[in-house]
Amino acid sequence: MKLANIAMGALALVSATTAMADVTVDITGATAFRVAALDTIKSRFVAGGSFKFAHDKSAGGFNGSNKAVFIGTFPGVPGTTTIRTSFNGSVEGVRAIVLGGSANPSFLQPSVLGSTSASPAGTEVASTTGPSTNELAEFAFSDVSIAATPYAGATVEPADAAVGV
């Protein structure tokens, strides 16, 4: 699956620069990629062993959540990995990457999980609304070209970063 390869590549890059340190990755953007992204992230944490996750939908509604946070052991990444998602739309995802600062999306804080120690079975905390914090996103999914947004002149890294467009 292309999405799984992108997620693994991104985390490998992050972990290469932070050997033996905890890693946090924040992802935002298109709701069109929500189910694929959440399922891929969760399945990779399952492969890693122990983890917890929380989201803003009721139990069983995980794939419809706008915000989620995962914390635990991610395969190939040393230390504790935290991945937070905030699906707020394609243009908002592009905006967050291009502008940062005041455009930072709101992510659930890991404290919504109670103790941040991971659980072997992948403990789920559903229907949580906070606490949350605005953070700079490292990745954004978009199903529109950057040229079709108000940020058409912006430069993003990598320049050919077309996921779903």
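Thresholds, definitions, all that
Residues numbered from 1 in each chain as written. Predicted model: local features only at pLDDT ≥ 70, side-chain atom pairs only at ≥ 80, totals over all residues. Heavy atoms only, no water. Phe/Tyr/Trp six-rings, centres within 6.5 Å; stacked < 30°, edge-to-face > 60°. Helix = DSSP H or I, 4+ residues; strand = E, 2+ residues; numbered from the N terminus. Buried < 20%, exposed > 50% of the residue type's maximum accessible area, 1.4 Å probe, protein only. Salt bridge = Lys/Arg side-chain N within 4 Å of Asp/Glu carboxyl O. Core = buried A, V, L, I, M, F, W, Y, C linked by side-chain atoms within 4.5 Å.

Student: Describe the packing of aromatic side chains, naming the residues involved and giving the relevant values.
Tutor: Scanning the entire structure with this criterion turns up eight aromatic pairs. Seen from their ring centres, F33 and F141 are 5.4 Å apart, and the 25° between their planes marks the pair as stacked. One end of the pair, F33, is in the loop between β1 (23–29) and α2 (34–48); the other, F141, is in strand β8 (residues 139–141), with 108 residues separating them in the sequence. Side by side, F33 and F141 carry an identical accessibility label, which is buried.

Student: Break down the pattern of salt bridges for me, citing the residues and quoting the values.
Tutor: This model, assessed by the stated rule, comprises two salt bridges. Its salt-bridge partner being D26, residue R84 comes within 2.7 Å of it at the nearest N-O pair. Remark: D26 occurs in strand β1 and R84 occurs in strand β4 (residues 81–87); sequence separation between them is 58 residues. Residue R84 shares its accessibility class with D26, and that shared class is buried. With a closest N to O distance of 3.1 Å, E92 and R95 form a salt bridge. Of this pair, E92 and R95 both sit in helix α3 (residues 90–99), separated by three residues, roughly a single helical turn.

Student: Got a sec to walk through the nonpolar core? Specific residues and values, please.
Tutor: Within soluble globular proteins, side chains that are nonpolar tend to cluster in buried spots. Formed by 19 residues in total, the largest nonpolar core has its most connected members in I27, L38, I41, F45, F70, I83 and F141. Examining the composition of this core, we find that four residues originate from one element, α2, more than from any other. Core analysis: the second largest hydrophobic core is formed by six residues, A54, L108, V112 and L113 among them.

None of the figures reported here should be taken as evidence of function without further support.
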